[in-house]
Amino acid sequence: MIFKEYDVIVVGGGHAGCEAAASAANLGSSTLLITMDMTKIAQMSCNPAMGGVAKGQIVREIDALGGYSGIVSDKSTIQFRMLNLSKGPAMWSPRSQNDRLLFGKYWRDLLEQTDNLDFWQDSVNDIIVEKNQIVGIKTSLGITIKSKAVILTSGTFMNGKIHIGKKSFGGGRIGESASFGITEKLTQLGFEAGRMKTGTPPRADGRTLDYSKMEEQAGDIIPGKFSYLKSIKPIENQRSCWVTYTNENVHNILKTGFDDSPMYAGRIQGVGPRYCPSIEDKINRFAERDRHQIFVEPEGWDTVEIYINGFSTSLPEDIQIQALREIPGFKDVKIFRPGYAIEYDYFPPTQLYSTLETKLIQGLYFAGQINGTTGYEEAACQGLMAGINAHLKTTNKEPLILSRDQAYIGVLIDDLVNKGTEEPYRMFTSRAEFRILLRQDNADVRLTPLSNAIGLASNERLRNVENKVTGTQEIIRYFKSTSITKEDANNILLNVESAAITQQVKLSSLITRPQLGIQSFIEGQSDIKKQLMHYENDMLESAEILMKYESYIEKEKELADKMLKFETIQIESNFDYSTINSLSSEAKEKLRKIKPTSLGQASRISGVSPSDISILMISLGR
Amino acid sequence: MHYNLNDTIVALATPQGVGAIGVIRLSGPLAISICNSVFKGKDLNKEASHTLHFGKIVDIQGEIIDEVLVSIFNGPNSYTGENVVEISCHGSPYILQRVLEILHTQGARSAEAGEFTLRAFLNKKLDLSQAEAVADLIASDSKSSHHLAMQQMRGGFKNTIAGLRTELINFAALIELELDFGEEDVEFANRDKLIELINKIQAMLLPLMESFQLGNVIKNGVSTVIAGRPNAGKSTLLNTLLQEERAIVSEIAGTTRDTIEEALVIDGIVFRFIDTAGIREATDTIEHLGIAKTFEKIRQSSIIIYVFDCTQLNEVDVIEDIKQLHAGDIPVLLIANKIDLIAITPKYKYPNLTVHSIAAKENRNINELKKLLHDLVLSNTKVVANDIIISNLRHYEALTKANKALESVQCGIANKISGELVAMDLKEALTSLGSISGVIDIDQDILGAIFSKFCIGK
């Protein structure tokens, strides 16, 4: 026996696995990260970017909770943009282009610097279960390692199968072998398994592209960052991306490959995402569109490798190249590798508790694509929560479950465990009913105190949040208590072409005007500048948002409070629904399967009606 | 979605239909203050628990709806354990409906099936042995109310709501598309077209809301004024009508001593007959007041039965009287009474009006008159044109909410506010419409609409 018994074993070194290993170890659990290839840690298997709409908010939440994805993204950023700035602050979404190699390197650096964390390069092909309790794993080398908890983050590797045209072969990523054994074991144990499908575009040689035929898409003039840590600075130099379009010629060439398409020939059974269709799906389903947008994204600072975003395909490689060459700027393109589709096993996530622990096996957790999700951010946040909850469970502490009004992470996990998913699940802001509350500017205020209380987010992070809240409140108080003369006000209003006022007013009554921000006041009046200049930018930003959107924020808070009453009514996990005659049979079946822990959770299960909830409430004895 | 348990709910506590007394019950933190805001009498907020108070319920304009007895119970010593008010009104469906509407405008929400009992249980007012019975009650109540809703939704109404919802979902999908996929090459929601769509939807909502009032008319009674000169036989006609059918007698302690209301069901439609003081030149002040009331009643009515004594009046007089009625677009039935007293039934020629001849005392042609009334209601253009009648207050509430939310959307677009804020109001409108048709999961619908209609995904 070369291994001690660990508290937590994390299987898989992708975005979910890395966050899981880091959080469990940082909380004090002795943790082992097992990955098939140590050089592929935190690999960006698809696009070299983090964040985006709703996903950027998730990265901020991960950072606020003390995860590493935000820090790693910031350190490896080659371009930063705040998306949706023309919309309200709830929609502002940070996104970075990243250096693929640096991203993996910084993740590995951080993990290597993490106490309590060991590594083992191997493939796990069995789990050991005694009396519905996980006790360890077995590897392909025949080694048994014991642990109190196991977190499976298998990504696309479990029985992974790659398709390019008529060719198909086993693999977890192109050039990497798949993993086998675990699905079969879990199915034996009573788990329900399914297949999903995803795809990735070809990678091009940037030296063969003609950028003069494309539109440049530069980063923000003043780039931001994900991490709330003050020691992490935004980048200074950036690389641009480029935009070009497909055309009828491209589409016609692609169509010649349809007969060999693994999708249309029925060789792929897995369900792919509707919102991330392959290029062949786009021209097939949306035949009326004569062009589709292509984003040309560099894979790093120094490399010539280019990610062709928008051109995901599993058509034969010769068709891929021929079609690419018809795209403006791609006339002479050479590719490093073709695009491909990949099928993999997942386990419908309704088999999980909100802690991501499986209902069947105690101490076994699932995170990432194994739960039917897609995206680095979605995977990373599940890994983080699984790591946290595995630690809390093995140390007999209360779980940390984020609610739908606290975090996108809460929305994601709540959706997964209650509704399941028919296609790879990606976060959208429209999935969050309280998105005005779940902004990228306040993830720290929302989550850092919770994480600090369990010992993950550092005291430094908590102090930053406390200072930010105090500063923000001071600014708001200043705006609500300070009057401005009509002369001074009209000077400022004139600058932004806003209607003049006729008498002295409080500053706060002007800030709700769409054209005005705190900066307009700071620049427009020296007294105000003197009062506000020592506040940091994040405080000014938060204060402005809270004042401008006060009525909307209050409205959503009210709605969230209504929900809370039901969340606090607990349901025992062994509650017997069959004894309640008045419940509809559909509700009984769903409730038995999902095993909600609160009445609020029960109410979000599809097929459980409001009258079922009332009846349930009665049966719970209030 | 589940309903809120922190707000104040209201419902009729006595069986729907007509009884001598109807009790309306309010429960929730604001039960007493909501009732007080429409109550003319003592300040209920200052009264002790378990006390009974006489007063009047008034509407926003200050018009008296009914004289009532109000019982107040402070929580937790009440049926539900919350603050509870019980208002005993006169048993006319019309009055009860009006009082419910007024309480609704003051912030009370229509209770869900079994909700009072549920709250009572949650506040430990019922013991566990009663739990199963309560659960069954909720299950069956909700089933029957659903059944009722489905029945009402057959035909035009259901399709209209479904159509409205689809249009709105497409609208919401466009807004969400530009929020979640704004970086991509997708079409954006054209605000002018959205306004156009909202106008279109509102143009459909408003008649639905109006038909609610019409629907109520059918459920709670078509107010039918019997007018005419003194001794034309109005009271005789009323008595004859009432004798013939099993009358629902409910004398309303109204505000006017000179009008009497009686209700009568003809082929499923409730008519409220209002006998009025005779129309003639006023000779003294008191009579003048009575006649003014008569005209007020006429203006508020849905049908006017003008009765004249065919032995006394000629065509000129009748035309003069009808002009005096100032009926506007209220349909008028011309009734020539006392044809038993003359040998030959005269032929009358009035523009746009036909004369129905009866002998009230002899019960002659009364059945024909009833059929005439019944047909008149069914042939009412509004009813027929829409074939949609909403007679459920909850539906009306939902339509009102949807309409209000759509107004906010319009306002938001006019002020160029950001899409996610517009989306809040849109979702509220969708939720309100969904609560009628029973479809709740809006987010999935919106995402479905996005993915099926738009090519997205880098």
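Everything below is about the structure shown above.
The structure contained in this document is the topic of the report that follows. This structure is a prediction, so every number in the text was calculated from the model and none was measured. (Residues numbered from 1 in each chain as written. Chains lettered and ligands numbered in written order. Predicted model: local features only at pLDDT ≥ 70, side-chain atom pairs only at ≥ 80, totals over all residues. Heavy atoms only, no water.)

Description of the interface of chain B and chain A
Put simply, an interface is often sized by how much accessible area is lost when its parts join up. Listed per partner, the contact involves 50 residues of chain B and 54 residues of chain A. Between chain B and chain A, roughly 4800 Å² of surface is buried when both sides are summed, and carbon and sulfur atoms account for 58% of that area. There are three salt bridges connecting chain B and chain A. Note that R435 of chain A and E176 of chain B form a salt bridge whose closest N and O atoms lie 2.7 Å from each other. Summed over the shared surface of chain B and chain A, the number is nine residue pairs in polar contact (both at pLDDT 80 or more). Here the side of chain B that touches chain A gets eight residues from one element, more than from any other, and that element is helix α4 (residues 131-153) of chain B. Here the side of chain B that touches chain A is built from residues that sort into 24 nonpolar, nine polar and 17 charged. (Contact = heavy atoms within 4.5 Å. Buried area = accessible area lost by both parts, 1.4 Å probe. Salt bridge = Lys/Arg side-chain N within 4 Å of Asp/Glu carboxyl O. Polar contact = N/O pair within 3.5 Å; in protein donor to acceptor, adjacent residues only side chain to side chain. Helix = DSSP H or I, 4+ residues; strand = E, 2+ residues; numbered from the N terminus. Nonpolar A, V, L, I, M, F, W, Y, C, P; charged D, E, K, R; others polar.)

With respect to the sheet that holds strand β4 (residues 77-83) of chain A
Residue and element names in this part refer to chain A. Reading across from one edge, β3-β5-β4 is the order of the three strands in this open sheet, with antiparallel pairing throughout. What marks the edges here is a single partner per strand, and that holds for β3 (49-51) and β4. In this sheet, neighbouring strand axes are inclined to one another by 15° on average, regardless of whether the strands run parallel or antiparallel. (Pairing = 2+ DSSP bridges. Axes fitted to C-alpha atoms, helices over the stretch in contact; angles between N-to-C directions.)

Section: the packing of aromatic side chains
All names here are of chain A. Scanning the entire structure with this criterion turns up 14 aromatic pairs over all chains. A centroid spacing of 6.0 Å and a plane angle of 75° characterise the contact between F191 and F347, whose relative ring orientation is edge-to-face. A residue pair is termed long-range when its members are at least 10 positions apart, and F191 in the loop between α5 (182-188) and β12 (194-200) and F347 in the loop between β19 (340-346) and β20 (364-366) qualify at 156 residues. Here F191 falls in the buried class, since its relative accessible area comes to 4%. Taking 5.1 Å as the distance between ring centres and 55° as the angle between the ring planes, the aromatic pair formed by F258 and Y264 counts as tilted. Judged by relative accessible area, which is 15%, F258 ranks as buried. Through a chain of ring-to-ring contacts, three or more aromatic side chains come together here, namely F191, F347 and F366. Residue placement shows R60 over the ring face of Y228; its charged tip is 4.0 Å from the ring centre. The ring centre of Y245 lies 3.5 Å from the NZ or CZ of R291, which sits over that ring. (Phe/Tyr/Trp six-rings, centres within 6.5 Å; stacked < 30°, edge-to-face > 60°. Buried < 20%, exposed > 50% of the residue type's maximum accessible area, 1.4 Å probe, protein only. Lys NZ or Arg CZ within 6 Å of the ring centre and 35° of its normal.)

Digging into the environment of L111 of chain A
Residues and elements named next belong to chain A. Looking at the element boundaries, L111 is found in helix α4 (residues 100-112). For L111, a relative accessible area of 0% translates into the label buried. When the C-alpha positions of L111 and L33 are compared, they lie 9.6 Å apart, and in sequence the two are 78 residues distant. If sequence neighbours within four positions are ignored, L111 has contacts with C18, A22, L33, I41, L117 and F119.

Section: the nonpolar core
With 91 residues, the main nonpolar core has W107, L364 and I409 of chain A as its most contacted residues. Tallying contributions element by element places helix α9 (residues 376-394) of chain A first for this core, with ten residues. Among all residues touching I409 of chain A, those that are not within four sequence positions of it are I58, E61, I62, L65, C381, M385 and L402 of chain A. Within the second largest apolar cluster, 45 residues are counted, among which are A173, L426, L430 and L447 of chain B. (Core = buried A, V, L, I, M, F, W, Y, C linked by side-chain atoms within 4.5 Å.)

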